[in-house]
Structures are given as C-alpha cells and as structure tokens.
Amino acid sequence: PTKLKEEIGKIVGRLRKNEPTISWESPEKLHITIAFFPYLGTQHLAFTQSTLDFLANTHKTFNLKVTNLAYFYKRHENSIVFLGIEDPDKKLRAFYNNLKEKLGEEKLFLKERLDPYLTIGRLKRRRYIHETKEILADTTRNEITLNQEFEVASIDLYESLFRRDENPSQYRLVNRFPFTPSAAD
C-alpha cells in the first residue's frame, strides 16, 4: 500500500542519515519474502506458478501488521535490518502451510517455520564481528514501531537478479497472483 510505503520511506530516510554504511531499500522495492528458491528450472517454475495461482484462488485477501524495527545478524553473510510482520489471523501462515505441502509434492521444500519480515536495509559483512554487531545494535536502538495494518491482495513471484554493485538487491516480477476478495470487499 502506498501510504505504508511512504511511512516506511520516512523511517528509512531518518535511519539513512544516522547510518550511511547500511544499503537502505527504496520504498518501491519493499516486499515480504515468505520463500526463497536458489534456482528453479523451467519445470519447477511452471509448477510453482500453477500452485501459486491455484492457492491464490482458494485463499481470500487478509491483513498483516507491520511492527517493530529489528535485525538479523549473519556472521558469514550480509546482515539485514527489517520491520517485523504480525499475522494476527494466521491467514499468511495457512497460505504458507498449503504452499509448503503442494510444493513438497514436487520435492520443492520450504522452511518448516514461517518468519515474515520486511527488509529495509542490508549491511555488508565486516572484517570484525563486533563492528557489524555494533552498527546493527546502534541502528535498531531507535524505538521505531509502526503497528500499521495493511491488506494483502496478492502474492508475487519475483526473480532475484544478483549484482555485485552498491545495490545488489534487484528483482524482476515474474507473475502476480491475486487472492480472492474477502466478502467485505
């Protein structure tokens, strides 16, 4: 939703001033990752798309809530700064469990647990661990909580386009699968 992205853009703008060493995401690229496949061949891609289409047609739109600022520290990879996502009605979890079951039929396995989040920044791995942890802790020390609810109307399948420049996160939309509108819509 545009209003939410604008609000997050303001937060990122404030954080960017305090911590320029983090690569901050632009608001138009914000998305919630629920599954990541390192490589999908043509056959698996077609199966994944038909599965997403089927599931989107059997699930209704639902609401999620953006919560607090936090980070994932990764010792040997880039760490991320993110906003937490709550699933108050467990609709995203239900969708994920259905997706995990269907994709498992084709030996495409998803993580057992769903931990949705909204990546807003990435910190390249530092030579010294304490340096990385200090930057992440300083950044997330800001008391930022949105508690803003938004409607999820579709699920998108993106392809990651890996790049080695300043902004490595580039994505290409492969397909969008709209959920069935809720009765209240």
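Let me begin by describing the structure that accompanies this report.

Cut-offs and rules
- Residues take numbers from 1 onward in each chain, read along the sequence in its written order.
- At least 70 in pLDDT is required for a residue's local features to be given in this predicted model, at least 80 for side-chain atom pairs to be given and counted, and no such filter applies to totals for whole chains, interfaces and linings, which use all residues.
- By convention in this description, side-chain values take in all heavy atoms of the structure and omit both hydrogens and water.
- Helix and strand definitions follow DSSP, with helices as H or I runs of at least four residues and strands as E runs of at least two, each counted in order from the N terminus.
- Residues count as neighbours in contact if any of their non-hydrogen atoms are within 4.5 Å of one another.
- A pair of strands is labelled paired if DSSP reports no fewer than 2 bridges between them.
- Between the N-to-C directions of two axes lies an angle of 0 to 180 degrees, each axis being a line fitted to C-alpha atoms and, for a helix, fitted only over the stretch in contact.
- The term salt bridge refers to a side-chain nitrogen of Lys or Arg lying within 4 Å of a carboxyl oxygen of Asp or Glu.
- Exposure classes here rest on a 1.4 Å probe applied to the protein chains alone. A residue is buried below 20% of its type maximum, exposed above 50%, and partly exposed in between.
- Left-handed describes a crossing whose near helix is turned anticlockwise from the far helix by less than a right angle; the clockwise case is right-handed.
- When residue character is reported, Ala, Val, Leu, Ile, Met, Phe, Trp, Tyr, Cys and Pro are called nonpolar, Asp, Glu, Lys and Arg charged, and the others, Gly included, polar.
- Each polar contact in these results corresponds to two N or O atoms within 3.5 Å; when the atoms are within protein, one needs to be able to donate a hydrogen and the other to accept it, and residues that are neighboring in sequence are counted only if both atoms are side-chain atoms.

Comments concerning the side chain of threonine 51
Within the fold, threonine 51 resides in helix H2 (residues 42-58). Dropping the residues within four chain positions of it, threonine 51 is found in contact with Leu99, Lys102 and Leu103.

A look at the sheet that holds strand E3 (residues 79-86)
Across the sheet, which stays open at both edges, the five strands sit in the order E1-E4-E3-E2-E5 with antiparallel pairing between neighbours. Of all strands in the sheet, those with a lone pairing partner are strand E1 (23-24) and strand E5 (145-152), marking the two edges. Packing of helix H1 (residues 2-18) onto the sheet brings it into contact with E1, strand E2 (62-72), E3, strand E4 (117-123) and E5, and relative to E5 it is tilted by some 145°.

A closer look at the pattern of salt bridges
Inspection of the entire model under this criterion finds six salt bridges. For lysine 100, the salt bridge identified is with glutamate 112, shortest N-O distance 3.2 Å. On the criterion of sequence distance, the pair formed by lysine 100 in helix H3 (residues 91-104) and glutamate 112 in the loop between H3 and E4 is long-range, its members being twelve residues apart. Owing to a relative accessible area of 18%, lysine 100 belongs among the buried residues under this scheme. Classification of glutamate 112 by relative accessible area gives exposed; the value is 66%. Of the charged contacts in the structure, one is a salt bridge between arginine 113 and aspartate 115, with a shortest N-O distance of 3.1 Å. Classification of aspartate 115 as partly exposed rests on a relative accessible area of 31%. Overlapping salt bridges, with partners in common, bring together Glu25, Lys29 and Arg122 in one network.

A short note on the pairing of E2
As paired elements, E2 and E5 share six bridges and run antiparallel to each other. Bridge pairing in E5 places lysine 65 opposite glutamate 149. Pairing of E2 with E3, which is carried by six bridges, proceeds in the antiparallel orientation. Within the sheet, the bridge partner assigned to leucine 69 lies in E3 and is leucine 83. Here E2 folds back onto E3 in antiparallel fashion, the turn holding six residues.

Here's the deal with the packing of H2 against H3
Axis separation between H2 and H3 bottoms out at 10 Å; the angle between their running directions is 145°. Seen along the crossing, H2 lies across H3 with a hand that is right-handed. Contact residues: Phe47, Thr48, Thr51, Leu52, Phe54, Leu55 and Ala56 in H2; Phe95, Asn98, Leu99, Lys102 and Leu103 in H3. Its residues assigned to classes, the contact of H2 with H3 shows eight nonpolar, three polar and one charged.

Points about the side chain of glutamate 25
With respect to the helices and strands, the residue glutamate 25 is situated in the loop between E1 and H2. Only 3.4 Å separates the side chain of glutamate 25 from the side chain of lysine 29, close enough to count as a polar contact. In terms of polar contacts, glutamate 25 uses its side chain to reach the side chain of arginine 122, at 3.4 Å.

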